[in-house]
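Here's the letter readout for the chains.
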Amino acid sequence: MAFADAEAIARHRPYAVPMNQPAHHPWKLPAALAAGIVMGALAGWSVHGHIATGVAVVALIEVAFLLTRIRHETRPMMAQPADVSPLQHDRFMTRTRRIASSLRDLRNAASHLPDAVVLLDQEQQVRWFNHAAESLLGLRRPRDRGVFLQQRFAHSDLSGWLQDGAQEPLNDISAPGEPDSQINVSMLPFGRRQHLLLARDISHLNRLEQIRRDFVANVSHELRTPLTVIHGYLELLDPEDVPELAPVLGEMRSQSKRMGQIVEDLLTLSRLETQHQVADERVPMASLLATVRKEAEALSQGRHQITLESTAEADLLGSPKDLHSALSNLVSNAVRYTPAGGSITIRWKRTPEGAAYSVTDTGFGIPASHLARLTERFYRISSSRSRDSGGTGLGLSIVKHVLNLHQAQLRIESTPGAGSTFTCLFGSARLLPPGGNDES
Ligand code: ADP
């Protein structure tokens, strides 16, 4: 291992290299580098990829600085001292060259990483950066060595983030060096109050995501018309005219209705995905809750006991149509996944942070292993149960998107066999005193 050799040389008399700095552990850097690269590969350059890159880069940068120091400190010994044999001197020189060459390779690797990497000292001054930082962040050598990061990016999207302490990663901003590219940025602390700024070009991913969204929206749109035609003709056919085909006709009608619902849900999702904010309209909760309750009763048809507890005394600010869709989705799920005889409670109450809308049922419940994935499109615990109950597998995905647009969160608690509670948590900024126009 190159470092073991380096330190061995340093310890070996008469070639003792004076290491003035704190001790370096020979295993630490290669281990960090290997861990970083392996983690990066496993993570597929995801969020963990950022951390992995950071670990690898810290290792590489330490290596680069060590290389400079070794070069500097071994220079006086390049000439053969009088008490050293020519053979010993040759060995030392060969080893030193081999180490220097390995370290140079590692330094080059750090420079050529595809992510932008900027090493910052305790004062947030730029100490080192790689090639990608030049193109993506617009940093230049030697101009930006030692510059204060805050000052360098004072007029970019990074400014506010840096001012707020750069605690969380900042996603999807325009790259200061290439305004047509989008980047994700994060700040990793390391060493003694030093930091590493990492930026990843996500323009390609964004383009792929846009293609996927367009494709889903176009397919759904194209399917809408033929489905409407099929559905219309099926409605025209009277089962009494052909009694032997009545069961087939019934099944065809219900399946074409289901397909129509899937297409509508996909179009709703496409719209929500491209939307970045919602209209700030008053959503009168008293009438919305009454509507949601009526819908639940219609769907249940007397098979469940349905209760409404509304104590929040607050209206919401947002999109009445989208909030209606999200809140009634949760009630419809509760009815569909609760066997006859069970009970369903709809609550609207205050919380320390704002207000919560929740739906509690005494239904089948959900095993803990499924909870994290429930809001993914088409994710179902039991496909047949979902299909039989008329589900599309898109309901909770729509709920999550609507809540995101309202800066609200979805909390799911469930006990298999006992029931579930789905809670939408709204912040106080989304609340209004009740009253005003009562039309929903
Ligand atoms: P679906 O149209 O299939 O109901 P959703 O996105 O609304 O799709 O829900 C996803 C899955 O979550 C459902 O298929 C079901 O397995 C589970 N689920 C949702 N709500 C409940 C509930 N109240 N009780 C039990 N399981 C539920």
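Just above sits the structure.
All residue numbers refer to positions counted from 1 along the written sequence of the respective chain. Given that the model is predicted, a residue must reach a pLDDT of at least 70 before its local features are reported, and side-chain atom pairs must reach 80 or more before they are shown or counted; all residues, however, enter totals for whole chains, interfaces and linings. As a rule here, side-chain values cover all heavy atoms of the structure and leave hydrogens and water aside.

Visitor: Account for unusual backbone geometry, naming residues and giving values.
Guide: With an omega of -5 degrees, the peptide bond between Arg141 and Pro142 qualifies as cis. Secondary structure elements are taken from DSSP: a helix is a run of H or I of four residues or more, a strand is a run of E of two residues or more, and numbering for both begins at the N terminus. Relative to the assigned elements, Pro142 resides in the loop between α5 (131-137) and α6 (149-152). One non-glycine residue, Glu313, lies in the positive phi region at around 50 degrees. Counting through the fold element by element, Glu313 comes out in the loop between β7 (305-310) and β8 (315-318). Burial classification: accessible surface area is computed with a 1.4 Å probe over protein chains only, and a residue below 20% of its type maximum counts as buried, one above 50% as exposed, and the rest as partly exposed. Among the residues examined, Glu313 registers a relative accessible area of 60% and is labelled exposed. Phi at Phe378 takes a positive value of approximately 60 degrees, unusual for a residue other than glycine. By the secondary structure assignment, Phe378 is in the loop between α12 (368-371) and α13 (383-388).

Visitor: An account of the environment of Leu323 is requested, with residue identities and associated values reported.
Guide: Its location among the elements puts Leu323 in helix α11 (residues 320-336). Leu323 sits in the buried class, given a relative accessible area of 0%. The sequence separation of Leu323 and Leu288 amounts to 35 residues, and the corresponding C-alpha distance is 9.0 Å. With residues near it in sequence (within four places) discarded, Leu323 still touches Val283, Leu316, Gly318, Val402, His406 and Phe426. In this description, contact between two residues means that some pair of their heavy atoms is separated by no more than 4.5 Å.

Visitor: So what's going on with the pattern of salt bridges? Residues and values would help.
Guide: Two side chains bearing opposite charge may form a pair once their charged atoms approach each other closely. When a carboxyl oxygen of Asp or Glu lies within 4 Å of a side-chain nitrogen of Lys or Arg, that pair is called a salt bridge. Under the criterion given, the structure shown has 16 salt bridges. With a closest N to O distance of 2.6 Å, Glu273 and Arg377 form a salt bridge. In this pair, Glu273 is assigned in helix α9 (residues 246-274) and Arg377 in the loop between α12 and α13, connecting sequence segments 104 residues apart. Residue classification places Glu273 among the buried residues on the basis of a relative accessible area of 16%. For Arg347, the salt bridge is made with Glu309, and the minimal N-O distance between the two is 2.9 Å. A residue pair is termed long-range when its members are at least 10 positions apart, and Arg347 in strand β9 (residues 343-351) and Glu309 in strand β7 qualify at 38 residues. The class of Arg347 is partly exposed, set by a relative accessible area of 25%. What makes Glu309 partly exposed here is its relative accessible area of 35%. Through salt bridges with shared partners, a single network forms among Glu209, Arg212, Arg213, Glu273 and Arg377.

Visitor: Could you give me a rundown of the site of the ligand, with the residues and numbers involved?
Guide: Proximity criterion: a residue is near a molecule or strand once any of its heavy atoms comes within 4 Å of it. Taken together, 20 residues are adjacent to the ligand, and Tyr337, Ser386, Thr392, Gly393 and Leu396 come closest. Between Arg336 and the ligand, the recorded distance is 2.9 Å, taken from a side-chain N or O atom to an oxygen atom. Taking Leu396, its main chain carries an N or O atom lying 2.8 Å from an oxygen atom of the ligand. Elements represented by at least two residues in the shell around the ligand include exactly α11, α14 (395-405) and β12 (419-427). Charged residues are taken to be Asp, Glu, Lys and Arg, nonpolar residues to be Ala, Val, Leu, Ile, Met, Phe, Trp, Tyr, Cys and Pro, and polar residues to be all remaining types, Gly included. Looking at the shell around the ligand, its residues break down into nine nonpolar, eight polar and three charged. Between N or O atoms, a polar contact is any pair within 3.5 Å; within protein, one atom must be a potential hydrogen donor and the other a potential acceptor, and residues adjacent in sequence are included only when both atoms are from side chains.

Visitor: Could you give an account of the pairing of β8, with specific residues and numbers?
Guide: Within a regular beta strand, the side chains point alternately toward one face of the sheet and then the other, so they alternate between its two faces. For two strands to be treated as a pair, DSSP must find no fewer than two bridges joining them. Where strand β6 (residues 281-283) meets β8, three bridges bridge the pair, whose relative direction is antiparallel. Its bridge partner lying in β8, Glu281 is registered against Gly318. With two bridges connecting them, β8 and strand β13 (residues 431-432) associate as antiparallel partners. In the sheet register, Asp315 faces β13, and the bridge partner there is Leu432.

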